[in-house]
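If you want the building blocks of each chain, they are given just below.
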Amino acid sequence: MEKKKEKRQPERVGAVRSTTAGKNIAARKTTVDSRQGACLYPGGDVEGTHMILAVAHAADIKMKRGFGRKQGSWGDQGPYLDMGTQTVSGVEGAVRALALNGTSLAACRPATDEWVEWGFRRLAAATSHASEEEEGARHLLQELAVLEAALARCPRSLLTSEAAKPITTLADIVLAPLSLRALKFFGEHEYPLTRAWAASVVRGPESPYAATAALVQEGGAFEGTGGKIDPRRGLLAVITALFTEAMHEAFPELAGNPNFRRADVAKCGNAVHGDYQCNSPMAIYKAIKATGRPSVLARPQDVAKALIDSLPAKGHEVCAEVSVAGAGFINVRVQGAYLQARVKDILLHGPQAAMARKLRVLVDFSSPNIAKEMHVGHLRSTIIGDSLCRMLEFLGHDVARVNHVGDWGTQFGMLIKYLKEEYPNFMQDPPNITDLTGFYKAAKARFDESPAFKERARVGVVELQAGDPESRAIWKLLCDISRAEFQKVYDRLDVRLEEYGESFYNDRIPAVIEELKAENLLEEDGGAMIMWCGGKHQIPLMVRKSDGGYGYDSTDLAAIRYRLKDLSRDWVIYITDAGQATHFHMIFDAARMAGWVDEEHGRHRLDHVGFGVVQGEDGKRFKTRSGDTVRLVDLLDEAVVRMTASLTQRIEDGKSALSKSEACEAAAALGYGAVKYADLKQNPGTDYQFSYDRMLDTKGDTAIYLLFTCARFHSILRKAEEEKGIDVKALEAGGDVVLEHPTERALALELAQFAEALQQAVLELMPNRLTSYVFFLSARGTDFLEACHVLTHPKRLVLVHATALTIAHCLELLGITPLTKI
Ligand code: ARG
């Protein structure tokens, strides 16, 4: 036994075995130019990308991000590294090359190399087999035992005999994340040494991984511009990247410090001083001072100066005036030529925005309950959810729009029994239930007054869940009626959803419970099965009720697992009223405990957007005059009716050129738009007061104002062509964009800020970032029209057109149909 183990332990093998990658690279060892650093083109392998970044960090090699795919002989797989004199593809090659070329990573010891090879070849392979077959799990067990034994000799770092002063080796950096992945197959108390060591390498305060996690989270936006400015990332991102490069150039010692991963750049509060400002000099000054090293930098202003001097040459394409200001920050004015180019982009390609990494997102929204009326809460969820989906889709993400309808709750026992009792002939003669809410109310009344019926209803649920055919038929009938009602609302609001209701997960629940049980995460509680999700929650999840039934919690556990594991979604977003926040945070924590989520490497992100209640103008819960909850459909109708009346009046007063049928369409766009915009412009978390008068106001921050502005810009273009005979298209193709008047420049700058507004709205899950952007854009546009004559200076029509396109596009992202004519 001892003998066998001996043979398997890589560190006992004296010399470097022919590790192909290692040998070849060692032979070609070059010293990386420390100023240039290396350039990483990240591939699909996110974990591998992290590993490469962590090794670069530990080896003290500056890393830049490459964009796009370089042409070359390698396949399209995985990340690759460009080190100036050599290119390396694949994770294993890249980490070895970095370790060999760096100065400060204990890497070149033969035994380290053996371990690295062992990690990639044996441990990683055993881990991927372990998920597939039982035999695989046994192999993994043996491999982990090797590691555990090695760590018993030196628990803090692999292969450093100097236990008192452990230095991180390449083997540590490579093996730690691989081991953490392998350990997921075992209980929390198994392999304690490996567990502790791996956790400290990956998560410890000085972990080389600390600097990498957040990078990938933000869509792979590494520091720097990677040698190329990509305007689609937005002005803020571009200027931030430029200053980050300057910072790492001027202060290389900060490059690995997580606090200085990125320069701090923001929009200027006061346009008089500049367009953007960099606030980093103060913090850099403090950090340098804290090292105690003597420095020529006497004041933060000196740091600011050093940053300006280090701005990459290409930065001047973007930044015109860069100056030190105040106690030590930097003001930036954007180049006019850069803004002109962005206006041209809009005319050629429409408004542009992009993020570095394409994500698989799932948005769970709307989700009304069968046999119940959709209420204003569902309206908010539908509006916010649809708008976020539109934005995510526009940014190029793959988005699943999921309607998690409540089609499986305990209410079905009651409804089924009531239907059977009221319509005993329902099979031959199916009742025509148009008023499902009335039906629901009647059933509920019987449920509340008759204990015997209550008991029959309870049995009804069990029968349905057990698959009784008659119960199923009634259930389906009820679902179909509801579904048709919901669809009417979605059609009006122009919202697309895919239904995966609660019932979809019913069959998946038992296996999920088994899995959680096997992980020792469940507790028995008076016949029920519960799960405590960490100390911060007062209550547990009800995984299985004492009567054996499954509820809301069980379904959401199965759903989140399905979304993360089966659908491989990177980002799952739930949109409901804020009252359900606790429920979702427990579900998220449960998923973390079950090991379904990998947030560490920025692979997954989970969010609950909880919105506030809709109130009437009296500040109380929104009710009709008679005290009933407001029906969604009525509410939408009312908005359209009011807009139709006001448009008809305009036509009669000769203020509108719309025909009767155009007026109808416009009234719908205005009415639905007004309801949507009033909702979206709020911070989702706050309550909002529903007021027709406010949302239908033609002035102020309303959809009506924006739609009027949008139509106004379009009508100017029409007028130019129809009345003045100006060929706007030819103007755009030929001429340059003129930005002479201050209002023209301010408008062009605002147009160039579309991408950052959109990215912010999406990353923070706040559509109100986009509403305030389009509101300001409209205001800038109006300023421009008031200050500059456009019909007498046709060149200005180019800017009019770009503005018209951008306003219309923002409205579309908010789910509002833009109008070109009112
Ligand atoms: N049907 C629920 C309600 O009306 C919302 C469902 C939200 N999604 C979820 N996965 N639980 O409140």
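Rules behind the numbers
Residues numbered from 1 in each chain as written. Predicted model: local features only at pLDDT ≥ 70, side-chain atom pairs only at ≥ 80, totals over all residues. Heavy atoms only, no water. Axes fitted to C-alpha atoms, helices over the stretch in contact; angles between N-to-C directions. Helix = DSSP H or I, 4+ residues; strand = E, 2+ residues; numbered from the N terminus. Parallel < 35°, antiparallel > 145°, perpendicular 65-115°, else oblique. Contact = heavy atoms within 4.5 Å. Nonpolar A, V, L, I, M, F, W, Y, C, P; charged D, E, K, R; others polar. Near = heavy atom within 4 Å. Polar contact = N/O pair within 3.5 Å; in protein donor to acceptor, adjacent residues only side chain to side chain. Areas by Shrake-Rupley, 256 points an atom, 1.4 Å probe, with all protein chains shown as cover. Salt bridge = Lys/Arg side-chain N within 4 Å of Asp/Glu carboxyl O. Buried < 20%, exposed > 50% of the residue type's maximum accessible area, 1.4 Å probe, protein only. Left-handed = near helix turned anticlockwise from the far one by under 90°. 1 Å grid on protein atoms, 1.4 Å probe; cavity = no way out; pocket = protein on both sides within 12 Å on 5 of 7 lines; lining within 4 Å. Points joined across faces, edges and corners; volume = space filled by probe spheres on them. Expected span 1.5 Å × (residues − 1). Arc of directions from axis to C-beta. Phe/Tyr/Trp six-rings, centres within 6.5 Å; stacked < 30°, edge-to-face > 60°. Lys NZ or Arg CZ within 6 Å of the ring centre and 35° of its normal. Right-handed = clockwise from strand over helix to strand, strands pointing away. Patch = residues over 30% accessible without salt bridge, like charges linked within 9 Å, V, L, I, M, F, W, Y side chains within 5 Å. Lys, Arg positive; Asp, Glu negative; His and termini not counted. Charge placed at Lys NZ, Arg CZ, Asp CG, Glu CD. pLDDT = per-residue confidence, 0-100. Pairing = 2+ DSSP bridges.

For the pair helix 19 (residues 509-518) and helix 20 (residues 552-566), the least separation of the axes is 9 Å and the interaxial angle reads 85°. Taken as axis vectors, helix 19 and helix 20 run roughly perpendicular relative to one another. Packed against helix 19, whose contacting residues are Ile 509, Val 512, Glu 515 and Leu 516, the element helix 20 presents Ser 554, Thr 555, Leu 557, Ala 558 and Arg 561 at the interface. Residues belonging to the contact of helix 19 with helix 20 are distributed by class as follows: five nonpolar, two polar and two charged.

Here we come to the site of the ligand. Taken together, Asp 364, Ser 367, Asn 369, His 378, His 404, Tyr 552, Asp 556, Tyr 574, Thr 576, Gln 580 and Phe 584 make up the full set of residues near the ligand. Within the contact set of the ligand, a nitrogen atom lies 2.8 Å away from a side-chain nitrogen or oxygen of Tyr 552. Between the ligand and the protein, one listed contact pairs a nitrogen atom with a side-chain N or O atom of Asp 556 at 2.8 Å. Starting from 350 Å² of accessible surface for the ligand in isolation, the protein chains cover 91%. Put simply, the parts of the chain that give the shell around the ligand at least two residues each are helix 20 and strand 15 (571-577). Looking at side-chain class alone, the shell around the ligand contains three nonpolar, six polar and two charged residues.

In this structure the tally under the stated criterion is 44 salt bridges. For Asp 275, the salt bridge goes to Arg 745, with nearest N and O atoms at 2.8 Å. One end of the pair, Asp 275, is in the loop between strand 5 (265-267) and strand 6 (276-278); the other, Arg 745, is in helix 27 (residues 742-752), and 470 residues separate them in sequence. For Asp 275, a relative accessible area of 6% puts it in the buried group. As a salt-bridge pair, Lys 821 and Glu 662 come within 3.5 Å of each other at their nearest N and O atoms. Of the two residues, Lys 821 is situated in the segment after helix 30 (797-813) and Glu 662 in helix 23 (residues 660-680); the sequence distance between them amounts to 159 residues. The exposure class assigned to Glu 662 is partly exposed, which follows from its relative accessible area of 32%. Residues joined by salt bridges that share partners form a network here, namely Asp 386, Arg 390, Glu 393, Arg 401, Asp 494 and Arg 496.

Turning next to the side chain of His 801. Locating His 801 in the fold gives a position in helix 30. Judged by relative accessible area, His 801 falls into the buried class, the value being 16%. If we ignore the near neighbours within four places in the chain, the residues touching His 801 are Leu 347, Leu 717 and Glu 732.

Turning next to the packing of helix 13 (residues 336-349) against helix 30. Interaxial distance between helix 13 and helix 30 falls to 9 Å at its minimum, and their mutual angle equals 60°. With respect to helix 30, the element helix 13 is oriented oblique. Considering how the two elements wind past one another, helix 13 and helix 30 form a crossing that is left-handed. Contacts between helix 13 and helix 30 pair Val 343, Ile 346 and Leu 347 from the former with Val 798, Leu 799, His 801, Ala 802, Leu 805 and Thr 806 from the latter. For the contact of helix 13 with helix 30, a count of residues per class yields seven nonpolar, two polar and no charged.

So, about the environment of Gly 527. Within the secondary structure, Gly 527 sits in the loop between strand 12 (523-525) and strand 13 (528-531). Distance from Gly 527 to Ser 546, taken between C-alpha atoms, is 4.6 Å for residues 19 residues apart in sequence. What Gly 527 contacts, discounting residues up to four positions off in sequence, is Lys 545 and Ser 546.

The final tally for this structure, using the stated rule, is three cavities of 30 Å³ or more. Of the volumes computed, that of the largest cavity is approximately 170 Å³. Lining the largest cavity are 16 residues; nearest its centre among them are Pro 231, Arg 342, Gln 352, Leu 751 and Ala 752. Put simply, the parts of the chain that give the lining of the largest cavity at least two residues each are helix 13, helix 27 and helix 28 (754-763). If one sorts the elements of the lining of the largest cavity by residue count, helix 13 sits on top with four residues. Class assignment for the residues of the lining of the largest cavity results in nine nonpolar, four polar and three charged.

What follows concerns helix 22 (residues 632-652). End to end, helix 22 covers 31 Å across 21 residues, agreeing with the expected 30 Å (1.5 Å per residue, within 8%). Taken together, the buried positions of helix 22 are occupied by Leu 632, Leu 635, Leu 636, Ala 639, Val 640, Met 643 and Leu 647. Angular distribution of buried residues about the axis of helix 22 spans 125°; they occupy a single face of the element. Across helix 22 from its buried face, at more than 90 degrees, point the exposed residues Val 641 and Glu 652. Where helix 22 is buried, its residues meet helix 14 (376-394), helix 18 (469-493), helix 23, helix 24 (692-695) and helix 25 (703-722). Once helix 22 finishes, Gly 654 follows within two positions and takes phi at roughly 75°, a positive value.

Moving on: the packing of aromatic side chains. Applying the stated rule across the entire model yields 16 aromatic pairs. Considering the side-chain rings of Phe 394 and Phe 754, the 6.1 Å spacing of their centres and the 70° angle between planes classify their relative orientation as edge-to-face. Placement of the pair is Phe 394 in helix 14 and Phe 754 in helix 28, with a sequence separation of 360 residues. Centroid distance Phe 775 to Phe 776: 6.1 Å. Interplanar angle 65°. Geometry classified as edge-to-face. Judged by relative accessible area, which is 23%, Phe 775 ranks as partly exposed. When its relative accessible area of 43% is taken as the criterion, Phe 776 is described as partly exposed. Counting every residue linked through ring pairs, the aromatic cluster contains Tyr 500, Phe 504, Tyr 505 and Tyr 562. The residue whose ring lies beneath Arg 342 is Tyr 338, and the NZ or CZ to ring-centre distance is 4.4 Å.

Here we come to the pairing of strand 16 (residues 605-611). The side chains of a regular strand alternate, residue by residue, between the two faces of the sheet. Burial analysis of strand 16 places five of its seven residues in the buried class, the great majority of the element. As for the winding sense of the linkage, the β-α-β connection from strand 15 through helix 21 (residues 581-593) to strand 16 is right-handed.

What follows concerns the environment of Thr 434. Its place among the elements puts Thr 434 in the loop between helix 15 (411-422) and helix 16 (436-449). For Thr 434, a relative accessible area of 62% corresponds to the exposed category. Spatially, the C-alpha atom of Thr 434 lies 9.2 Å from that of Ser 482, the residues being 48 residues apart in sequence.

A word on a negative patch on the surface. Judged by side-chain charge, Glu 721, Glu 722, Glu 723 and Asp 727 come together as a negatively charged surface patch. Its location among the elements puts Glu 721 in helix 25.

Our next topic: the confidence of the model for the chain. Per-chain confidence: the chain averages 85 in pLDDT, with 86% of residues scoring 70 or above. Segment residues 214-223: pLDDT under 50, and 34 contacts once partners within four positions in sequence are set aside and those in other chains are kept.

Once that is clear, we can look at the sheet that holds strand 9 (residues 360-364). Strand order in the open sheet formed by five strands is 11-10-9-15-16, with parallel pairing between adjacent strands. Among the strands making up the open sheet, the edge pair consists of strand 11 (498-499) and strand 16. In this structure, strand 10 (residues 398-403) lies alongside strand 11, joined through two bridges in parallel fashion. By the bridge assignment for strand 11, Asn 403 is matched with Glu 499. Across the sheet, helix 14 lies against strand 9, strand 10, strand 15 and strand 16, angled at about 165° from strand 10, the strand it touches most.

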